[in-house]
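Understanding the architecture of this molecule
What follows is each chain in one-letter form.
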Amino acid sequence: MATKKKKKTDWSKEVFKVLKKADIRQIAYVPDAGHTSLIKMAVADNAIKPVSLTSEQEGIAVLSGAWLGGEAGALLMQSSGVGNVINMLGMANECRFPLLMLVTMRGEWGEFNPWQVPMGQATETVLDAAGVIIHRADDPAEIAETVEAAAKIAFDSGRMVAVLIGQRVVGFKDWTK
Amino acid sequence: MASRRKITLDRRKVVEKILKDRGDILLVTGLGAPTWDAAAVGDHPNNFYLWGGMGGAVLTGLGLALAQPKRRVLVITGDGEMLMGVGGLATVAVQKPSNLAICIMDNQRYGETGMQETHTEHGVDLAAMAAGAGFQKYSTVYNNRELAEAIPVLYSEQGPVFVDVKVTDAPQPMTLPPRDGPMLKHRFRENLLGHV
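One structure accompanies this document, and this report is about it. (Residues numbered from 1 in each chain as written. Chains lettered and ligands numbered in written order. Predicted model: local features only at pLDDT ≥ 70, side-chain atom pairs only at ≥ 80, totals over all residues. Heavy atoms only, no water.)

**Points about the side chain of A:Q167**
All names here are of chain A. The criterion, for reference: Per the convention used, a helix needs a DSSP run of H or I reaching at least four residues, while a strand needs a run of E reaching at least two, with both numbered from the N terminus. With a 1.4 Å probe rolled over the protein chains alone, any residue whose accessible area is under 20% of its type maximum counts as buried; one over 50% counts as exposed, and the rest are partly exposed. Counted as a polar contact is a pair of N or O atoms within 3.5 Å, where, for protein atoms, one must be capable of donating a hydrogen and the other of accepting one, and residues adjacent in sequence contribute only when both atoms are in side chains.
Among the secondary structure elements, Q167 is positioned in helix α7 (residues 167-170). Under the relative-accessibility criterion, Q167 is labelled buried at 0%. There is a polar contact of 3.1 Å between the side chain of Q167 and the backbone nitrogen of W109.

Here it is as structure tokens:
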């Protein structure tokens, strides 16, 4: 378990470096265990405004406003949150707001909570239907480069992109704690 | 529960009064009538109109206010739109953006869909909800005297501030601003940042 925990921290650190390099200034989030380290780093960074949300859909609007004001942002959430953002994605889509979402997956790899399965299994399909570009990362070693590529297409090409971080990455044993 | 007072204010006149001396404020409007109200006063590059994204007006204002802390950001939206994103009041209150003002055109109706009653018709008090979220400055406006007091609050009191203006449900002519999303976004950014 010690090795697993270290690995978890490591990919978060690498991803945070990528977010800093992309000049991310607002990090909006509804927490997930898989995002714990990233959220801590965002809160500790003076150049980043962490925005805790009551619902993930708020994040789409917050980051649209941030872009209007000249700041890039990212939205962190769990796959269940994808169900909450669908209509609001229409705003980002229609206005071609850049949108970078980091989604930690539930309901797919050794899930113990059956209520997580429906949304987890539907996540890719509904994001695709809403016009979001999907990048998946199931190996911790490839998460940072995947986020980097996603940030480029989001901010340089003005698109909505979701990086789906597989439940396998964090390890299903963690969920039962 | 909000007290039952007579509602007499005309939304177009209210928005006209609010925007008459707008200075350099950045304006975000919620979908439907608030967007038409702002357009009726006059299109402006510092206006960003939502034509959709119901529940997102206040949060769009929040992201903008955080990105532009030296500029005053005003959100004008409707009671139905505010209710759909009412959790956003808590998110805003926690962020405490000192430059964000929220103004609700509260006609107690879903105006674009057949004038069905919203919860505010049944006593739900949006200003009290803002207070409960943690807003230090909040009020409900019923007449021109209260409006005259509220307008300087929207422009210069330390934010976040919340003003719920009770307006009649009298029909208004539709005045449509530009609706193309990328155009509105680029125009707003170019005027504010000097680049798209």
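Back to the text.
**Observations concerning a nonpolar patch on the surface**
The following threshold applies: Only residues whose relative accessible area exceeds 30% and that form no salt bridge are eligible for patches; like-charged ones are grouped when within 9 Å, while nonpolar side chains (Val, Leu, Ile, Met, Phe, Trp, Tyr) are grouped when within 5 Å. A 1.4 Å probe and the Shrake-Rupley method give the accessible areas. Residues count as covered only by the protein chains that appear here. The rule for a salt bridge is simple: a side-chain nitrogen of Lys or Arg has to be within 4 Å of a carboxyl oxygen of Asp or Glu.
Residues B:W51, B:M174 and B:L176 make up a contiguous nonpolar surface patch of about 290 Å² in total accessible area. One can find B:L176 in the loop between β8 (161-166) and α8 (181-193).

**Focus: the pattern of salt bridges**
Throughout the structure, instances matching the rule amount to 20 salt bridges over all chains. The partner of B:R187 in a salt bridge is B:D43, and the shortest N-O contact between them spans 2.7 Å. Of this pair, B:R187 sits in helix α8 while B:D43 sits in the loop between α2 (33-41) and β2 (47-49), placing them 144 residues apart in sequence. Overall, B:D43 belongs to the partly exposed group, its relative accessible area being 40%. One continuous salt-bridge network, built from bridges that share partners, spans A:E108, A:E124, A:R136 and A:D138.

**As for the interface of chain A and chain B**
Operational definition: We call two residues in contact when some of their heavy atoms are within 4.5 Å. Here's the idea: put two parts together, see how much 1.4 Å probe accessible area each one loses, and the total over both is what we call buried area.
At the junction of the two partners, chain A supplies 25 residues and chain B supplies 29 residues. Interface area for chain A against chain B, summed over the two sides, is near 2000 Å², with a carbon-plus-sulfur share of 62%. Taken as a group, A:L68, A:G69 and A:C95 account for 26% of the area that chain A buries against chain B, more than any other trio of residues on that side. Taken together, the links from chain A to chain B amount to zero salt bridges.

**Here's the deal with the nonpolar core**
For soluble globular proteins, the rule of thumb is that nonpolar side chains tend to be buried together. Stated formally: To qualify as a nonpolar core, a set must consist of buried Ala, Val, Leu, Ile, Met, Phe, Trp, Tyr and Cys residues joined through side-chain atoms within 4.5 Å.
Of all hydrophobic cores here, the largest spans 114 residues; its most connected members are A:L19, A:L89, A:M101, B:I18, B:L74, B:F162 and B:V165. In contact with B:V165, other than residues within four places in its own chain, are B:L9, B:V14, B:C103, B:I104, B:M105, B:D106, B:V141 and B:L147.

**Examining the environment of B:I18**
Residues and elements named next belong to chain B. Relative to the elements of secondary structure, I18 occurs in helix α1 (residues 11-19). Residue classification places I18 among the buried residues on the basis of a relative accessible area of 0%. Aside from chain neighbours lying at most four places away, what touches I18 is L74, I76, C103, M105, I151, L154 and Y155.

**Examining the pairing of strand β4 (residues 100-106) of chain B**
Residues and elements named next belong to chain B. Counted only if it meets this: For two strands to count as paired, DSSP must find a minimum of two bridges between them.
With seven of its seven residues buried, β4 lies for the most part within the structure. Residues L100, I102, I104 and D106 line one face of β4 and the alternating positions A101, C103 and M105 line the opposite face, and both faces are buried. Bridging between strand β3 (residues 73-78) and β4 involves six bridges; their strand directions are parallel. Its bridge partner being in β4, V75 is matched across the sheet by I102. Where β4 and β8 come together, six bridges link them in parallel fashion. Residue pairing for β8: I104 is matched across the bridge by D164.

Geometric values such as these leave the question of function open.
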